[in-house]
Amino acid sequence: MPAALSLNQARRIALAAQGLDKGRPTGPVTSRTVGRTFARLQLVQIDSVNVLARSHFLPFYSRLGNYDRSILQRMSGVHPRRMVEYWAHEASYIRPEHHADLLLWQKRAWVGAGGMDQEQRAAISERILATLAGSRPLTASELTARIGHVEERQTGNWGWNWNAVKRVLEHLFEEGLVSAASRTDQFERKYTLTARILPQARMGAGEDPKGARDRAGALDRLTEAAARAHGIGTVRCFADYFRTPVKATAQSVERLVERGALEPVTVTGWNRDIYRHPDAVLPRRATGRALLSPFDSLVFERRRLEELFGFHYRIEIYTPEHKRRHGYYVLPFLLRDGIVARVDLKADRAGGKLLARAAFAEPAAPPDTAVELAAELRLMAEWLGLQSVEVWPSGDLAPDLALAIGNADSDPL
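Residues numbered from 1 in each chain as written. Predicted model: local features only at pLDDT ≥ 70, side-chain atom pairs only at ≥ 80, totals over all residues. Heavy atoms only, no water.

Colleague: Quick one: what's the story with the packing of helix H14 (residues 369-383) against helix H15 (residues 398-405), residue by residue and with numbers?
Modeller: Axis separation between H14 and H15 bottoms out at 8 Å; the angle between their running directions is 60°. When the interaxial angle is binned, H14 and H15 end up oblique. Between H14 and H15 the crossing geometry is right-handed. Here H14 contributes Ala 370, Val 371, Leu 373, Ala 374, Leu 377 and Arg 378 to the contact with H15, which in turn contributes Asp 400, Leu 401, Ala 404 and Ile 405. (Axes fitted to C-alpha atoms, helices over the stretch in contact; angles between N-to-C directions. Helix = DSSP H or I, 4+ residues; strand = E, 2+ residues; numbered from the N terminus. Parallel < 35°, antiparallel > 145°, perpendicular 65-115°, else oblique. Left-handed = near helix turned anticlockwise from the far one by under 90°. Contact = heavy atoms within 4.5 Å.)

Colleague: Go over the domain arrangement of the protein, please, and point to the residues and values.
Modeller: Splitting the protein by domain gives domain 1 (3-96 + 212-276), domain 2 (105-197) and domain 3 (314-410). One C-alpha centre belongs to domain 1, the other to domain 3, and the line joining them spans 26 Å. Here domain 1 packs against domain 3, burying approximately 1700 Å² in sum over the two surfaces, 60% of which is carbon and sulfur. For the domain 1 face of the interface with domain 3, the top three residues by lost area are Val 51, Leu 52 and Tyr 61, together amounting to 42%. Here domain 1 and domain 3 share one salt bridge between them. As a salt-bridge pair, Glu 376 and Arg 24 come within 2.4 Å of each other at their nearest N and O atoms. Our count for the contact surface shared by domain 1 and domain 3 stands at ten residue pairs in polar contact (both at pLDDT 80 or more). Elements with a minimum of two residues in the side of domain 1 that touches domain 3: helix H1 (7-17) and helix H3 (58-64). At three residues, H1 tops the list of elements feeding residues into the side of domain 1 that touches domain 3. For the side of domain 1 that touches domain 3, a count of residues per class yields ten nonpolar, five polar and three charged. (Domains from an automatic or database assignment. Buried area = accessible area lost by both parts, 1.4 Å probe. Salt bridge = Lys/Arg side-chain N within 4 Å of Asp/Glu carboxyl O. Polar contact = N/O pair within 3.5 Å; in protein donor to acceptor, adjacent residues only side chain to side chain. Nonpolar A, V, L, I, M, F, W, Y, C, P; charged D, E, K, R; others polar.)

Colleague: Got a sec to walk through the sheet that holds strand S4 (residues 90-94)? Specific residues and values, please.
Modeller: The sheet built from three strands is open, its strands ordered S2-S4-S3 with antiparallel pairing. Either end of the sheet is taken by a strand with one partner, and the two such strands are strand S2 (43-45) and strand S3 (84-88). Ignoring strand direction, the axes of neighbouring strands in this sheet form an average angle of 40°. Helix-sheet contacts for helix H2 (residues 31-41) involve S2 and S4, and the interaxial angle to S2 is about 85°. (Pairing = 2+ DSSP bridges.)

Colleague: Explain the packing of helix H10 (residues 215-230) against helix H11 (residues 235-242) residue by residue, including any values.
Modeller: Contact pair H10 / H11: the axes reach a minimum separation of 9 Å and the direction vectors enclose 110°. Classified by the angle between their axes, H10 and H11 sit roughly perpendicular to one another. Of H11, the residues touching H10 (which contributes Leu 222, Thr 223, Ala 225, Ala 226, Ala 227, Ala 229 and His 230) are Cys 237, Phe 238, Tyr 241 and Phe 242. Tallied by class, residues from the contact of H10 with H11 come to nine nonpolar, two polar and no charged.

Colleague: Report on the pattern of salt bridges, specifying residues and quantitative values.
Modeller: If charged atoms from side chains of opposite charge come close, those side chains can pair. Under the criterion given, the structure shown has 24 salt bridges. Among the ionic pairs, Lys 166 bridges to Glu 170, the shortest N-O distance being 3.0 Å. Taken together, the residues span about one helical turn, with Lys 166 and Glu 170 both in helix H8 (residues 164-175) at a distance of four residues. Judged by its relative accessible area of 16%, Lys 166 is buried. Given a relative accessible area of 3%, Glu 170 falls into the buried group. (Buried < 20%, exposed > 50% of the residue type's maximum accessible area, 1.4 Å probe, protein only.)

Colleague: Help me get a handle on the nonpolar core, residues and values and all.
Modeller: Note that soluble globular proteins tend to have their nonpolar side chains buried in a common cluster. In terms of nonpolar packing, the biggest core is built from 129 residues, with Leu 52, Ile 128 and Met 380 touching the most fellow members. Every residue in contact with Ile 128, bar those within four places of it in the chain, is listed here: Leu 143, Ile 147, Val 165, Val 168, Leu 169 and Leu 172. (Core = buried A, V, L, I, M, F, W, Y, C linked by side-chain atoms within 4.5 Å.)

Colleague: Quick rundown of the packing of aromatic side chains? Include the residues and the values.
Modeller: All told, the structure shown has eight aromatic pairs when counted by the stated rule. For the ring pair Tyr 61 and Trp 383, a centre distance of 4.8 Å and an interplane angle of 20° mean the geometry is stacked. Of this pair, Tyr 61 sits in helix H3 while Trp 383 sits in helix H14, placing them 322 residues apart in sequence. The interplanar angle of 40° and the centroid separation of 5.7 Å between the aromatic rings of Tyr 86 and Phe 173 together place this pair among those described as tilted. Remark: Phe 173 occurs in helix H8 and Tyr 86 occurs in strand S3; sequence separation between them is 87 residues. Neither residue differs from the other here; Tyr 86 and Phe 173 are each classed as buried. Taken together, the ring pairs connect Phe 38, Phe 60, Tyr 61, Tyr 67 and Trp 383 into an aromatic cluster. Sitting over the ring of Phe 187, Arg 54 keeps its end group 4.4 Å from the ring centre. A cation over a ring is seen here: Arg 215 above Trp 105, with NZ or CZ 3.9 Å from the ring centre. (Phe/Tyr/Trp six-rings, centres within 6.5 Å; stacked < 30°, edge-to-face > 60°. Lys NZ or Arg CZ within 6 Å of the ring centre and 35° of its normal.)

Here it is, written out as structure tokens:
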């Protein structure tokens, strides 16, 4: 018979798997500490929104507190790399060993299209690969100049006005032939040949990286990694982590169960087929506290988040302002074994302030929610190099939070 767990036990397993079940390290956070956290998470999502901090920096803050962000830049930009970029749960930093497996299962046909015919794309690809073979890593604009490509600038597609060189680069990135060696201060990718950052990737321009490899074995490795990062979950949870096909992932789960790499369990109130990773730990209690990025791996799968934590969450960045319920960049607030509040944050770098533009408590939020959130906001402000926290009077938690911060009479700028 499958082991029977309560919903609260399942929550604690999930938090422990993600490194969120207990307090942060008390001593200095070293490169080794950050590396262990990344190995636990398997991936962190990348997003260009910088209203608070780049999204890939935040999961490490949530788990480790005040740490040096340059550690991640070294992990992703200095050989031997401990994290590389590729498509996973959207654009992500992944562990290098997952790159070859993801090549077999990620497919984004729109990348590199944009009206080019096959002959034109092949010609630009050849020039790009030849240039990168004999140069340092280059941005798309540097490559455009280097190969002498000229085209009329497009302005009609907001946010995606890529020229042909950038579109082909993204196609080559998806195919695994080029990779991001690092990022500029403006967050532009600096491209190089994948073989230069992953020596085991020895594919030439004429080879198909999605050819006759062990697709089933690759998917089993990805599914097991996703299950390890979750601790406990459903097929849908595991498929969503690396964005692998649900049907194929279900077959992978069956194979992993047969091998003893996953264990079926039941969870009270979670009425779907549930699986636990055999290495998952069940803490006696959860004592952690963290603000979670909208792109944190704990909140990737919204249905899991609602079923497991009773927390309904949507990112409202692309929602028109007058239709937003909670704000632009809203972070869930985890306290012990529950997500008890949410707060809309912005780093006012010019003014040296962390702005809590709205704060809302969940229905079952404990009495110390405002005090604990205030302490968390002070810690985040320190990490971001900001001198103070300012609470705006929006949301049912805002008055208590402002009182806890000590600026109840402050007004928005």
